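Close look at the chain arrangement
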Amino acid sequence: MSVAAQVLDLAAGRDHSLVLRSGAQLVGWGGDGTGRFPAPLGVCSAPSSESGAVYVPTDVELRHITASAGMSLALDAQGVAYVWGANRAGLGGRLSHIVAQQPKPLAGLPALAQLRGSEFFTLARARDGGLYHWGLAPGSAQARNAGPLRVAGVPAITDCCAGVAHALLLDGAQRVWGWGANTAGQLGAGHLQDYSEPTRVPIPRKMVAVAAGASHSLAIDVRGQVWAWGSNQHGQLGERAPAYRTAPHQVALPEGATQVAAGQYVSYALGRSGRLYAWGWNARGQLGQGHTEVLHGVQVLAHLPALKKIVAGQGHVLVSDGWHVWAWGDNRAGQLGQAALYQATPRKLDDAVSINHEEART
């Protein structure tokens with residue numbers, strides 16, 4: 001695989017990583033497995049020792065990818081959705097007893113502009129702004145959509161994101177909507193009451209991007225300022241106290257941000273300069289500072305070039321300057337493409353494919 005191929009998109013699931021390059025070059029690292037016992041029907045377990053790159057075969061010109069708990073999804077240039085992996089687990093491309101070893105079209109959807117997956121549900125934003133959902137309803141263990149259904153009661157959506165049990169939406173008027181679990185105030189509504197349907201988040205400023213962690217939320221306003229709310233158990237709101245916030249507060253950053261990403265208990269912001277900032281949990285080196293010590297407040301990631309893209313999984317993160325990809329954090333499933341249990345310093349991912357393309361298609 002040529003390193004000169006441009007990075008089109010990145011995806012970080014709970015325990016696997018994906019890189020999509022120009023020329024339909026889709027590569028993944030990591031394992032499957034949901035951590036739920038007994039395992040649901042159809043779930044398989046990948047050898048935990050596999051850390052090499054896995055070629056995901058596809059003849060489709062994919063443009064956008066996303067990853068959840070072992071399930072991977074993608075969009076092609078026409079907005080058609082594709083899915084591969086196991087029922088509730090599975091890195092696409094190399095496992096037995098899986099739903100699909102390579103991207104297969106997902107029926108029942110119009111042309112899409114965005115896909116977002118969590119451990120329990122998936123959101124899809126149509127090109128006309130319509131929002132679709134399948135899996136468990138955010139924050140509910142009972143309500144389930146076996147197939148994509150359009151979500152009623154929201155205006156045209158321009159951005160969406162999925163946490164473990166809550167979702168955030170951004171509409172055309174740059175207003176934020178919250179939906180699902182609110183046990184730590186992650187819906188930003190000023191209280192701890194769950195919402196069974198999308199409800200406006202009372203933020204006085206217009207927002208341009210949102211991100212959802214396990215139980216906290218992030219947003220960027222039109223001035224580039226980052227706002228955070230929800231759980232602050234590990235400082236993921238950018239401050240040492242309080243334990244949680246039910247309303248958005250501004251995170252002190254040295255510059256305006258263009259992107260935000262949220263992991264389980266960690267937050268990231270990409271500055272206008274291309275510099276990356278991180279705060280929160282560091283038990284697996286998620287802050288990229290070369291160690292796993294507790295750190296308070298916003299940290300700067302030095303020794304990286306100007307970045308253009310960042311995505312966060314549950315405990316690991318991927319970044320790209322448009323041509324190269326770096327990864328760090330949790331590596332217990334091999335999602336960083338190496339053998340160590342974690343990586344506390346950003347390390348360039350090796351795109352070398354461990355199996356040839358013809359083998360991948362059989």
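Scroll up for the structure.
It should be emphasised that the depicted structure is a prediction, and the values quoted were computed from it without experimental measurement.

1. Quick notes on the pairing of strand β17 (residues 207-212)
With respect to burial, β17 is a largely interior element, five of its six residues being buried. As paired strands, β17 and strand β18 (residues 216-221) are joined by five bridges and run antiparallel to one another. From the neighbouring strand, Val-210 faces β18, where its bridge partner is Ala-219. Connecting β17 to the antiparallel partner β18 that follows it, the hairpin turn spans three residues.

2. With respect to the pattern of salt bridges
On inspection of all chains with the given rule, the structure shows ten salt bridges. The salt bridge partner of Arg-150 is Asp-128, with a shortest N-O separation of 3.8 Å. Residue Arg-150 is found in strand β12 (residues 144-150), and its partner Asp-128 is found in the loop between β10 (121-126) and β11 (131-136); the two are separated by 22 residues along the sequence. Here Asp-221 and Arg-205 are joined by a salt bridge, their closest N and O atoms 3.3 Å apart. Of this pair, Asp-221 sits in strand β18 while Arg-205 sits in the loop between β16 (195-200) and β17, placing them 16 residues apart in sequence. Judged by its relative accessible area of 1%, Asp-221 falls in the buried class.

3. So, the sheet that holds strand β25 (residues 309-312)
If you trace the four strands from one edge of the open sheet to the other, you get β25-β26-β27-β28, paired in antiparallel fashion. Sheet topology places β25 and β28 (342-348) at the edges, where each strand pairs with a single neighbour. Taking the axes of each pair of neighbouring strands and ignoring which way they run, one obtains an average angle of 10° across the sheet. As paired elements, β25 and strand β26 (residues 316-320) share four bridges and run antiparallel to each other. Paired with Ile-310 across the strands is Val-319, a residue of β26.

4. Brief notes about the packing of aromatic side chains
Taken as a whole and assessed by the stated rule, the structure comprises one aromatic pair. Ring geometry for Tyr-265 and Trp-281: centres 5.1 Å apart, planes at 80°, overall edge-to-face. Highlighted residues: Tyr-265 in the loop between β21 (257-262) and β22 (266-271) and Trp-281 in the loop between β23 (276-280) and β24 (299-301), separated in sequence by 16 residues. Looking at Trp-281, the relative accessible area reads 26%, which means it is partly exposed.

5. Remarks on the pairing of strand β19 (residues 226-231)
Consecutive residues of a regular strand have side chains that alternate between opposite faces of the sheet. Of all six residues that make up β19, six are buried, and the element is covered over most of its length. As paired strands, β18 and β19 are joined by five bridges and run antiparallel to one another. Counted as the bridge partner of Leu-218 is Ala-228 from β19. Between β18 and β19, which follow one another and run antiparallel, lie four residues, and Gly-224 among them has a positive phi close to 90°. For β19 and strand β20 (residues 244-250), the ladder comprises four bridges, and the chain directions are antiparallel. Note that in β20 the partner of Gly-230 across the bridge is Arg-245.

6. A look at the sheet that holds β20
Spatially, the four strands line up as an open sheet ordered β17-β18-β19-β20, and their pairing is antiparallel. For this open sheet the edge positions go to β17 and β20, each flanked by a neighbour on one side alone. Each neighbouring strand pair of the sheet contributes to a mean axis angle of 10°, computed without reference to strand direction.

7. Remarks on unusual backbone geometry
Each neighbour pair has its own omega, and for Ala-241 with Pro-242 the value is 5°, a cis peptide bond. Note on placement: Pro-242 falls in the loop between β19 and β20. Backbone geometry at Gln-174 places phi at a positive 65°, although glycine is not the residue there. Relative to the elements of secondary structure, Gln-174 occurs in the loop between β14 (166-171) and β15 (176-180). If you check the backbone angles, His-303 has positive phi at about 65° while not being a glycine. Of note, His-303 is situated in the loop between β24 and β25.

8. A closer look at the environment of Arg-347
Inspection of the secondary structure puts Arg-347 in strand β28. For Arg-347, the residues in contact, after removing those within four places along its chain, are Val-325, Trp-326, Ala-327 and Gln-338. A polar contact is formed between the side chain of Arg-347 and the side chain of Gln-338, at a distance of 3.0 Å.

9. Here's the deal with the nonpolar core
Tyr-268, Leu-276, Leu-307, Ile-310, Val-319 and Trp-328 are the most contacted members of the largest nonpolar core, which totals 17 residues. Elements represented by at least two residues in this core include exactly β22, β23, β25, β26 and β27 (325-330). With three residues, the top contributor of residues to this core is β22. Setting aside chain neighbours within four positions, we find Ile-310 in contact with Gln-259, Ala-261, Tyr-268, Leu-270, Leu-276, Val-317, Leu-318 and Val-319.

10. Structural notes on the environment of Gly-313
Mapped onto the elements of the fold, Gly-313 is located in the loop between β25 and β26. Of the residues examined, Gly-313 reaches a relative accessible area of 6% and is grouped as buried. With 244 residues separating them in the primary sequence, Gly-313 and Ala-69 have C-alpha atoms 9.5 Å apart. Discounting chain neighbours no more than four positions away, the residues touching Gly-313 are Ala-12, Gly-13, Ala-262, Gly-263 and Gln-264.

Cut-off values and rules
- Residues numbered from 1 in each chain as written.
- Predicted model: local features only at pLDDT ≥ 70, side-chain atom pairs only at ≥ 80, totals over all residues.
- Heavy atoms only, no water.
- Buried < 20%, exposed > 50% of the residue type's maximum accessible area, 1.4 Å probe, protein only.
- Helix = DSSP H or I, 4+ residues; strand = E, 2+ residues; numbered from the N terminus.
- Pairing = 2+ DSSP bridges.
- Salt bridge = Lys/Arg side-chain N within 4 Å of Asp/Glu carboxyl O.
- Axes fitted to C-alpha atoms, helices over the stretch in contact; angles between N-to-C directions.
- Phe/Tyr/Trp six-rings, centres within 6.5 Å; stacked < 30°, edge-to-face > 60°.
- Contact = heavy atoms within 4.5 Å.
- Polar contact = N/O pair within 3.5 Å; in protein donor to acceptor, adjacent residues only side chain to side chain.
- Core = buried A, V, L, I, M, F, W, Y, C linked by side-chain atoms within 4.5 Å.

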